[in-house]
Amino acid sequence: MYRWDFSPVIANGDLLLAGLANTLALTGVALAGGIPVGLGLALARLSGSRFLSAPAGVVIEVFRATPPLVQLFWFYFGLPIVLKVEMTPYLAAALTFTIQSGAFFAEIFRAGIVSVDRGQREAARAIGMTEAQAMRRIVLPQAVKRMFPAMMERSIELMKTTTLVATVSYADLLYQANELAQKTFRPLEVFTAAALMYLVSISLVSAIAALVERRMAMSGEMAR
Amino acid sequence: MTYRWDFAPILDNWQALAFGAIGTVRLFLVCLVLGLSLGLLVALMRRSRHGVLRWLAIGFIELFRNTPVLVQILWFYFALPMLAPVEISPFGAAILGISLNSAAYSAEIYRAGIQSIEPGQWEAARAIGMTGLQVLRRIVLPQALRRVLPALTNRGIEIFKMTTLASVVAYVELLQQGKLVASLNFNPLEVYTVIGALFFLLLYPLVRATYALERRLARSDA
């Protein structure tokens, strides 16, 4: 019978916490980049102009239909050859996850924008707003409320996807766990502890999201 | 100075990549079958009248949906052998991680589908003498599965993408072979471009099929 011993994990708890902080930082950066990129892609795809919608469509489809790990390797190992830039694991990961989550956010934005009744846009235009004003003042505020559950789900997916950066040696929670497991010869305890840390932080985020969703539903803004 | 792309070394190594592609497809098929069938089982447990079964299912779903699949694969590969006196291969660890993760996700899909069938149908089928299992098999599941088919094909696409994670435990699949070819020929740009393109060519038809299914279902339900 195996005797569990968590003391080496607790003694090195600061390493895992530093990893968790890096995981959260990377998720935050990718979210901060991915949401505007997603909105831009969605607006480009919905714009009447084919020169805008076609490239946006390609970016969205390519990043949604290829594995994120292949994308990460492409940005980390491949891109520096074309661009002649020094690529760090952090930069490669931030780029990959910004564009990748942007592609997924774009489809969420698009669904949200399309769900707002056309008549509202036409009415806004009729009282003299420009297309951009109608989008900003009338359509987007309603669309964003409807998109909220899908956005939260995607953000949680993103947080889980960031574990891939461990493969290019960025010191996120999983990478730190892997290092610690080799150092302490306690893979069972270390990986279990790391899994629990992910479980707790992700459950916490989903619980908060569920709470906000219920609030919105109560105020009737999610109706339909 | 612009970079000169050279795909010749990749063509010379096509056998290595083909070997990897076979590994990818093999892992995908095993995980697809295991993940989607286990998912149905978990969904049924989740709806069971027995508290223990129900809570086991809920615990399983929450655990596997709220942790990253890469952590699960590494846990099965490095941690599980400490608990059980088993030698676990990269293939085995990848199957366990990806199948169980997909089971948890698809369980929620099946549950949504089953719940979308009005209770009246259950009651009617029971009233004419069917057992619970018969109602499920003859009345509820055929309709529920049709409704959740787009969500299930989406899951299939996700499983296909997830197979690349097996490269982390050195299972021989497409990305792993790509790493090998790239490190031998110093051509990561071409190799990862080709691998990305291969995945896209394989997956995009599935994505289009999912869109088409969604549209058809939306029309027939309306």
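Residues numbered from 1 in each chain as written. Chains lettered and ligands numbered in written order. Predicted model: local features only at pLDDT ≥ 70, side-chain atom pairs only at ≥ 80, totals over all residues. Heavy atoms only, no water.

A. Here's a closer look at the interface of chain A and chain B. In this assembly, 37 residues from chain A lie in contact with 35 residues from chain B. Scanning the region where chain A abuts chain B turns up zero salt bridges. Breaking the side of chain A that touches chain B down by element, the ones donating at least two residues are helix 3 (50–64), helix 4 (68–83), helix 5 (89–115), helix 7 (131–161), helix 8 (173–184) and helix 9 (187–218) of chain A. Looking at the side of chain A that touches chain B residue by residue, the classes come out as 24 nonpolar, eight polar and five charged. (Contact = heavy atoms within 4.5 Å. Salt bridge = Lys/Arg side-chain N within 4 Å of Asp/Glu carboxyl O. Helix = DSSP H or I, 4+ residues; strand = E, 2+ residues; numbered from the N terminus. Nonpolar A, V, L, I, M, F, W, Y, C, P; charged D, E, K, R; others polar.)

B. Inspection of the packing of helix 2 (residues 13–46) of chain A against helix 7 of chain A at higher detail. Residues and elements named next belong to chain A. Relative orientation of the contacting elements helix 2 and helix 7 amounts to 140°, with a least axis distance of 12 Å. Comparing their axes, helix 7 and helix 2 come out oblique. Considering only the axes of helix 2 and helix 7, their crossing is right-handed. Touching Leu24, Thr27, Ala30, Leu31, Ile35, Leu39 and Leu43 of helix 2 are Met135, Leu140, Met151, Ser155, Leu158 and Met159, all from helix 7. For the contact of helix 2 with helix 7, the per-class residue count stands at 11 nonpolar, two polar and no charged. (Axes fitted to C-alpha atoms, helices over the stretch in contact; angles between N-to-C directions. Parallel < 35°, antiparallel > 145°, perpendicular 65-115°, else oblique. Left-handed = near helix turned anticlockwise from the far one by under 90°.)

C. Expanded view of the packing of helix 4 (residues 69–83) of chain B against helix 5 (residues 90–115) of chain B. Residue and element names in this part refer to chain B. It is the contact of helix 4 with helix 5, at a shortest axis distance of 8 Å, that shows an interaxial angle of 140°. Classified by the angle their axes make, helix 4 and helix 5 are oblique. Along this stretch, helix 4 crosses helix 5, giving a crossing that reads as right-handed. Contacts from Val69, Gln72, Ile73, Phe76, Tyr77 and Leu80 of helix 4 reach helix 5 at Pro90, Ala93, Ala94, Leu96, Gly97, Ile98, Leu100 and Asn101. For the contact of helix 4 with helix 5, the class distribution of residues is 11 nonpolar, three polar and no charged.

D. Representation of the layout of surface pockets within the structure. Residues and elements named next belong to chain B. By volume, the second largest pocket is sized at about 330 Å³. Every residue lining the second largest pocket is listed: Leu44, Arg47, Ser48, Arg49, His50, Trp122, Arg126, Gly132, Leu133 and Leu136. Looking at the lining of the second largest pocket, the elements that each hand over two or more residues are helix 6 (119–127) and helix 7 (132–162). Taken together, the residues of the lining of the second largest pocket sort by class into four nonpolar, three polar and three charged. (1 Å grid on protein atoms, 1.4 Å probe; cavity = no way out; pocket = protein on both sides within 12 Å on 5 of 7 lines; lining within 4 Å. Points joined across faces, edges and corners; volume = space filled by probe spheres on them.)

E. Representation of the environment of Met87 of chain A. Residue and element names in this part refer to chain A. Within the secondary structure, Met87 sits in the loop between helix 4 and helix 5. Owing to a relative accessible area of 11%, Met87 belongs among the buried residues under this scheme. Spatially, the C-alpha atoms of Met87 and Tyr76 are 6.3 Å apart, while their sequence positions differ by 11 residues. Each residue touching Met87, except ones within four places of it in the same chain, is listed here: Phe75, Tyr76, Leu79, Pro80, Ala92 and Leu95. (Buried < 20%, exposed > 50% of the residue type's maximum accessible area, 1.4 Å probe, protein only.)

F. Expanded view of the confidence of the model for chain A. For chain A, per-residue confidence averages 92 on the pLDDT scale, and 97% of positions sit at 70 or higher. Within chain A, helix 2 of chain A carries the highest mean pLDDT (96), whereas helix 1 (residues 7–11) of chain A carries the lowest (91). (pLDDT = per-residue confidence, 0-100.)

G. Local environment of the pattern of salt bridges. Scanning the model with the defined rule gives 10 salt bridges over all chains in all. Through salt bridges with shared partners, a single ionic network connects Arg45, Glu61, Glu107 and Arg110 of chain A.

H. Summary view of the packing of aromatic side chains. For the coordinates displayed, the defined rule picks out 19 aromatic pairs over all chains. Between Tyr76 of chain A and Phe77 of chain A, the aromatic rings sit 4.8 Å apart at their centres with planes inclined by 70°, giving edge-to-face as the arrangement. The exposure class of Phe77 of chain A is partly exposed, given its relative accessible area of 33%. By way of ring pairs, the aromatic residues Phe73, Tyr76 and Phe77 of chain A together with Tyr192 of chain B are connected into one cluster. Over the aromatic face of Phe104 of chain A sits the side chain of Arg154 of chain A, whose NZ or CZ is 3.7 Å from the ring centroid. (Phe/Tyr/Trp six-rings, centres within 6.5 Å; stacked < 30°, edge-to-face > 60°. Lys NZ or Arg CZ within 6 Å of the ring centre and 35° of its normal.)

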